[in-house]
Amino acid sequence: MKDSTVHIDGKALSTAREKAKISVSDAASACSLSSQQILSLETNSDTGFFNNKFKILCARKYINFLKINPTDIILSNNNNSTSEETDLNVSDEETSVES
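Please read these numbers as outputs of a predicted model, since none were measured by experiment.

Thresholds applied
Residues numbered from 1 in each chain as written. Predicted model: local features only at pLDDT ≥ 70, side-chain atom pairs only at ≥ 80, totals over all residues. Heavy atoms only, no water. pLDDT = per-residue confidence, 0-100. Helix = DSSP H or I, 4+ residues; strand = E, 2+ residues; numbered from the N terminus. Contact = heavy atoms within 4.5 Å. Expected span 1.5 Å × (residues − 1). Buried < 20%, exposed > 50% of the residue type's maximum accessible area, 1.4 Å probe, protein only. Polar contact = N/O pair within 3.5 Å; in protein donor to acceptor, adjacent residues only side chain to side chain. Core = buried A, V, L, I, M, F, W, Y, C linked by side-chain atoms within 4.5 Å.

J.: Even after reading the chapter, I still don't get the confidence of the model for the chain, so can you show me in this structure?
T.: The predicted model of the chain has a mean per-residue pLDDT of 81, with 72% of residues at 70 or higher. Here helix 5 (residues 83-86) stands out as the element of the chain with the lowest mean pLDDT, 44, in contrast to helix 2 (residues 24-31), whose mean of 98 is the highest. Counted against residues more than four places away or in other chains, residues 79-93, with its pLDDT under 50, gives 20 contacts.

J.: What exactly am I supposed to notice about helix 4 (residues 52-66) here?
T.: Side chains that are three or four residues apart share a direction in an α-helix, a result of its 3.6 residues per turn. The end-to-end C-alpha distance of helix 4, which contains 15 residues, comes to 21 Å, matching closely the 21 Å that a straight helix rising 1.5 Å per residue would cover. By the burial criterion, the buried members of helix 4 are Asn 52, Lys 55, Ile 56, Cys 58, Ala 59, Arg 60, Tyr 62, Ile 63, Phe 65 and Leu 66. A distance of 3.2 Å separates the backbone nitrogen of Lys 53 from a side-chain oxygen at the start of helix 4, and that oxygen is part of Asn 51. Looking one or two places after helix 4, you find Lys 67, whose phi comes out positive at around 60°.

J.: How should the nonpolar core be read in this particular structure?
T.: Soluble globular proteins: nonpolar side chains tend toward being buried together. Membership of the largest hydrophobic core comes to 21 residues, with the highest contact counts inside it found for Ile 8, Leu 13, Ile 38, Leu 41, Tyr 62 and Ile 74. Of all the secondary structure elements, the ones that give two or more residues to this core are strand 1 (6-8), helix 1 (10-19), helix 2, helix 3 (35-43) and helix 4. Looking at which element gives the most residues to this core, the answer is helix 4, with 7 residues. In this view, Leu 13 contacts Ile 8, Leu 41, Glu 42, Tyr 62, Ile 63, Leu 66, Ile 68 and Ile 73; residues no more than four positions away in its chain are not counted.

Below is the structure:
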């Protein structure tokens, strides 16, 4: 994943998590992700993700859990990227996390 066309605003993710007083491990557990994946999303690292689509899917699960707007978090670095790369048309049901 060296030529990443997608940027995750990890600072906004960590700020939202900290504001909600949620630990990394609790967020990971609630989203069915590893703590390393949560930290990777918060630092925009590719560690723990085998491709961009998977990284975006995990980011959307985390974003939905934090109840923040995905368009503010998932940003395209390439004007030629398709909506599939950034949106993936993932339904709320697929990424919803039970409270």
